[in-house]
Amino acid sequence: MTMRQLLLLPLALLTCTAAAQAPEFSLLYKFRPTLTWEKGGASTLRWYDADGQSSVVGFRLYLENGARMLMTQRIQPIPNNSDDESIEELFLDLRDEWRFGRQAIPFGQKGMIHEFSTGISFNTELVFDNAPMEIGVFDGGEGRESGTVLRAGRDFGLSVAVGNHFGAQATSLTQIRRPEKSPGLGRGFGLVLGADGKMKAPF
């Protein structure tokens, strides 16, 4: 049994327990149809956008104790994506304190590096300035993202990912390459550093 299966097994058990508490259930969907034209006048309709963000359908469960389960499934796979899972997210979290299962890794504001893997992440605060910090440990399987990821900061933050195969998914680095041109399984970086920030418009 792989580590990913070991991680998802207790998630399934927790979900069964949650079902006994009459959770609040809601369906969700995000559609991102994109029509592109290529040489020769051929047009193609894809169910993901230029940033590799997929159209998804899924559901949420909210429990009385503040726990939440979310599951989303991709409508169309992206060619050559090292993350070939049809399930994009499947996790249980508790009041944003911790998150367990398949999820987006906590790197930056999920702009240049936006990837999904199976693991567990925690939200805490730095001892100085009470700045928020999110840290996660992930194992996506052989040839996929695995290691430790950390982001610290509010509107401005610093991020680091240490491990294997980061930056290889079709949803990453789309500012410099098309989603279909991602390097594929077994590629990527062992160390990624990042800084991010956002500012509110003065009007």
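To start, this report covers the structure provided alongside it. Numbering of residues begins from 1 in every chain and follows the order in which that chain's sequence is written. Since the coordinates come from a predicted model, pLDDT governs what is reported: local features require at least 70, and pairs of side-chain atoms require 80 or more to be given and counted, while whole-chain, interface and lining totals use all residues. No hydrogens and no water enter the side-chain calculation; it runs on all heavy atoms of the structure.

Notes on the overall build of the protein chain
Piece 1. Secondary structure elements are taken from DSSP: a helix is a run of H or I of four residues or more, a strand is a run of E of two residues or more, and numbering for both begins at the N terminus. A tally of regular secondary structure across the protein chain gives one helix and 12 strands.
Piece 2. Each of the 203 residues in the protein chain was classed as buried or not, and the buried ones make up 42%.
Piece 3. We call two residues contacting when some pair of their heavy atoms lies within 4.5 Å. Within the protein chain, residue pairs in contact and separated by at least 24 positions form 49% of the contacts whose partners lie at least 6 positions apart.
Piece 4. Surface accessibility follows the Shrake-Rupley procedure with a 1.4 Å probe radius. Residue values consider only the protein chains on display as shielding. For the protein chain, the accessible surface area stands at approximately 11,500 Å², while carbon and sulfur atoms represent 60% of it. Relative accessible area decides the class of each residue, using a 1.4 Å probe on protein chains only: under 20% of the type maximum gives buried, over 50% gives exposed, and in between gives partly exposed.

As for the sheet that holds strand β12 (residues 189-197)
Piece 1. The strand order β1-β4-β5-β6-β7-β8-β9-β10-β11-β12 describes an open sheet built from 10 strands, whose pairing is antiparallel. The sheet is open, and its two edges are formed by β1 (24-30) and β12, each paired on a single side. On average, each strand axis in the sheet is tilted by 15° relative to the strand beside it, whichever way the strands run.
Piece 2. Note on pairing: DSSP must find at least two bridges between two strands before they are called paired. As paired elements, strand β4 (residues 56-62) and strand β5 (residues 67-74) share seven bridges and run antiparallel to each other. Across the sheet, residue Gly58 finds its bridge partner in β5, namely Thr72. Helix axes are fitted only over the stretch in contact, all axes being lines through C-alpha atoms; the angle between N-to-C directions runs from 0 to 180 degrees.

Description of the packing of aromatic side chains
Piece 1. Two rings from Phe, Tyr or Trp (for Trp, the six-membered ring) form a pair when their centres sit within 6.5 Å of each other. Planes less than 30 degrees apart are called stacked, planes more than 60 degrees apart edge-to-face, and all others tilted. Scanning the entire structure with this criterion turns up three aromatic pairs.
Piece 2. Ring centres of Phe31 and Trp47 lie 6.2 Å apart, and the angle between their planes is 70°; on these two criteria the pair is classed as edge-to-face. With a gap of 16 residues between them, Phe31 in the loop between β1 and β2 (34-37) and Trp47 in the loop between β3 (43-46) and β4 connect regions that are remote in the sequence.
Piece 3. Exposure remark for Phe31: the relative accessible area of 48% places this residue in the partly exposed category.
Piece 4. An aromatic cluster is defined as three or more aromatic residues linked by ring pairs; in this entry it consists of Tyr29, Phe31 and Trp47.
Piece 5. By the criterion adopted, a ring carries a charge over it if an Arg CZ or a Lys NZ lies within 6 Å of its centre and within 35 degrees of its normal. The ring of Phe91 has Arg99 lying over it, and the distance from NZ or CZ to the ring centre is 4.1 Å.

Regarding the nonpolar core
Piece 1. What we call a nonpolar core is a set of buried Ala, Val, Leu, Ile, Met, Phe, Trp, Tyr and Cys residues that are connected through their side-chain atoms within 4.5 Å. Counting residues in hydrophobic clusters, the biggest one holds nine residues: Ile105, Phe107, Ile113, Phe138, Val149, Ala161, Phe166, Leu173 and Val192.
Piece 2. Within the second largest apolar cluster, five residues are counted, among which are Phe59, Leu61, Met71 and Leu92.

Considerations on the pattern of salt bridges
Piece 1. Salt bridge, as used here, is a side-chain nitrogen of Lys or Arg placed within 4 Å of a carboxyl oxygen of Asp or Glu. Scanning the model with the defined rule gives 11 salt bridges in all.
Piece 2. Residue Arg46 pairs with Glu180 through a salt bridge whose shortest N-O separation is 3.3 Å. Pair noted here: Arg46 is in strand β3 and Glu180 is in the loop between β11 (156-166) and β12, with a separation of 134 residues, a long-range link.
Piece 3. Residue classification places Arg46 among the buried residues on the basis of a relative accessible area of 13%.
Piece 4. You can call Glu180 buried: its relative accessible area is 16%.
Piece 5. One salt bridge connects Arg178 with Glu180, and the closest N-O pair in it is separated by 3.5 Å.
Piece 6. Using a relative accessible area of 46% as the deciding quantity, one classes Arg178 as partly exposed.
Piece 7. A single salt-bridge network, built from bridges that share partners, covers Arg74, Asp83, Glu88 and Arg102.

Some thoughts on a nonpolar patch on the surface
Piece 1. A patch consists of residues whose relative accessible area exceeds 30% and which take part in no salt bridge; residues with like charges are grouped when within 9 Å of each other, and nonpolar side chains (Val, Leu, Ile, Met, Phe, Trp, Tyr) when within 5 Å. Together, Tyr29, Phe31, Leu35, Trp37, Leu45, Trp47, Val57 and Ile75 give the surface a local cluster of nonpolar side chains, amounting to about 850 Å² of exposed area.
Piece 2. By secondary structure assignment, the location of Tyr29 is in strand β1.
Piece 3. Taking relative accessible area as the criterion, Tyr29 reaches 57% and is therefore assigned exposed.

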